[in-house]
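Commentary on secondary and tertiary structure
Now for the letters of each chain:
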Amino acid sequence: MEPAIETRGLTRTFGPVRAVDAIDLVVPARRVFGFLGPNGSGKTTTIRLLLGLLRPTAGEARLLGEPAGPGAPVVARVGALVERPAFYPYLSAAENLLVFGVTAGLAEGPLRARVPTLLARVGLADVGERGVGGFSTGMRQRLALALALLREPELLVLDEPTNGLDPAGVVEVRQLIAALAQDGITVFLSTHVLTEVEQLCTDVAVLVRGRIVAQRPTRELLGDGAGIRVRFDSPDQAATAAAALRSAGFVVRDEAPTPVAPGTLATLVVDAPPEAGSHVARLLAGRDLYPAELAPIRPTLEAAFLELTRDPDASRPPGAGARTPGTGER
Ligand SMILES: Nc1ncnc2c1ncn2[C@@H]1O[C@H](COP(=O)(O)OP(=O)(O)O)[C@@H](O)[C@H]1O
Ligand SMILES: [Mg+2]
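This one's a predicted model, so the numbers in the text were calculated from it and none came from an experiment. (Residues numbered from 1 in each chain as written. Chains lettered and ligands numbered in written order. Predicted model: local features only at pLDDT ≥ 70, side-chain atom pairs only at ≥ 80, totals over all residues.)

**Looking at the site of ligand 1**
Taken together, F14, V17, A19, G37, N39, G40, S41, G42, K43, T44 and T45 form the complete shell of residues around ligand 1. Of all elements in the fold, only β2 (17-23) and α1 (43-50) reach the threshold of two or more residues within the shell around ligand 1. A per-element tally of the shell around ligand 1 places α1 first, with three residues. Grouping the amino acids of the shell around ligand 1 by side-chain chemistry returns three nonpolar, seven polar and one charged. (Near = placed C-beta within 6 Å. Helix = DSSP H or I, 4+ residues; strand = E, 2+ residues; numbered from the N terminus. Nonpolar A, V, L, I, M, F, W, Y, C, P; charged D, E, K, R; others polar.)

**Some remarks on helix α5 (residues 167-182)**
Between the first and last C-alpha of α5 there are 23 Å, a value that for 16 residues agrees with the 22 Å anticipated at 1.5 Å per step. Turning to α5, its buried residues number three or more, namely V170, E172, V173, R174, L176, I177 and L180. Of the surrounding secondary structure, the elements contacted by the buried residues of α5 are β4 (32-36), α4 (137-148), β8 (155-159), β9 (186-191) and α6 (194-200). Positive phi shows up at G184, right after α5, with a value of about 100°. (Expected span 1.5 Å × (residues − 1). Buried ≥ 20, exposed ≤ 12 C-beta atoms within 10 Å, placed from the backbone. Contact = placed C-beta atoms within 7 Å.)

**As for the nonpolar core**
Among the nonpolar cores identified, the biggest contains 72 residues, and L50, L143, A146, V157, V187, F188 and V206 are the most heavily contacted of them. For this core, the leading source of residues is α4, giving seven residues. (Core = buried A, V, L, I, M, F, W, Y, C linked by C-beta atoms within 7 Å.)

**Re the sheet that holds β8**
Ordered by their spatial adjacency, six strands build an open sheet running β7-β8-β9-β4-β10-β11, and the pairing between neighbours is mixed. Each edge of the open sheet is held by one strand with a lone partner, namely β7 (78-81) and β11 (211-217). Mean inter-strand twist for the sheet, computed between neighbouring axes without regard to direction, equals 15°. Both β8 and β9 contribute to a ladder of five bridges, which runs parallel. Considered in β9, the bridge of V157 is made with F188. α1 contacts β4, β8, β9 and β10 (203-208) of the sheet and is inclined by roughly 145° relative to β8. (Pairing = 2+ DSSP bridges. Axes fitted to C-alpha atoms, helices over the stretch in contact; angles between N-to-C directions.)

**Description of the packing of helix α2 (residues 93-103) against α4**
Packing of α2 against α4 brings their axes to within 10 Å, and their N-to-C directions diverge by 35°. α2 and α4 meet at a crossing whose hand is right-handed. Within the contact between the two elements, α2 uses A93, N96, L97 and F100 and α4 uses L143, A146 and L147. Counted by class, the contact of α2 with α4 contains six nonpolar, one polar and no charged residues. (Left-handed = near helix turned anticlockwise from the far one by under 90°.)

**Brief notes about the pairing of strand β14 (residues 266-270)**
With four of five residues buried, β14 is to be regarded as a mostly interior element. Relative to β14, strand β12 (residues 227-232) runs antiparallel, the two sharing five bridges. Each bridged residue has a counterpart across the sheet, and for R229 the counterpart in β14 is V269. Summarising the sheet, strand β13 (residues 252-254) and β14 pair through three bridges and their orientation is antiparallel.

**Focus: α2**
For α2, every residue scored as buried is listed here: A93, A94, N96, L97 and G101. For α2, the arc enclosing every buried residue in end-on projection is 160°, short of the 170-degree limit, so these residues lie on one face. Close packing links the buried residues of α2 with α3 (108-121) and α4. Directly after α2, the chain includes G105, whose backbone phi takes a positive value near 100°. (Arc of directions from axis to C-beta.)

**Quick word on the confidence of the model for the chain**
Residues with a pLDDT of 70 or more make up 89% of the chain, whose mean pLDDT is 87. Segment residues 314-330: pLDDT under 50, and 24 contacts once partners within four positions in sequence are set aside and those in other chains are kept. (pLDDT = per-residue confidence, 0-100.)

Here you go:
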């Protein structure tokens, strides 16, 4: 299947600022793709380039297999939420969709017929006749998503869709995005919130100062630091356990050497997925070794992100495995 989004060397400068710096982005179809980066890293600029709202300084972008850029016809097949739409507060949700749809050039008859379906799709069926002025932040954003869905797009491009929402609104909108993805729409969303990527995104690209420092499935990015931490009462036990685990084929690394004070536990880290915990416990018990603690290490995206962004000048920090899918580069 053709990627939903593909860019090559996409670049945009503003005077001396390289807001987007030669990015190669590949967004596979039918994924929820997180475009993660701190404020000012170039997320909105990239999205504006993709949607043809801005002309690139260099490079190119393709959406759904077609060229993108100012005036590109493919944009009609893409639903977008870049800026908060300013809804008419005294009009109902349904009336707002109608007004915005007609203004966007859609025929009123078919649109009127679709509005109830759209409202139901974003979970606003019950409040469709209510004035938008009384809506919560989450309800407003769901209405904005209904607007992005007006043309039944194959691809949704959302710029920080939960930014500025109250906590309940954040949950509502994340659930809605997950539901839309279940329906088979490709979702590309930018965010500076790591938990959003962890909860929602199958894939992630990390943007730092206009450059992509990593691009991979979220699971892989998280998988790098996974392991099982095993603590023992004495360094002797730990050493015996390490030998036993190694002879059983496990890769054992000693925990990052913080100075061990007398009486502290001796710790090993086994390079294995958390599910292997019971296997490790059984193996140790078979050797009469009983750890004081055995716990999975579930790395957070936050740790991975900090690792990726540690060196300010490196576009490929050590251990990041920064790859550019689709180009075969190493
Ligand atoms: N229209 C513009 N004129 C000048 N500089 C801009 C413009 N738009 C964005 N920038 C600059 O480009 C960089 C990236 O901005 P932006 O794409 O908005 O980042 P993000 O959306 O990740 O917060 C920032 O340094 C910002 O100041
Ligand atoms: Mg932005």
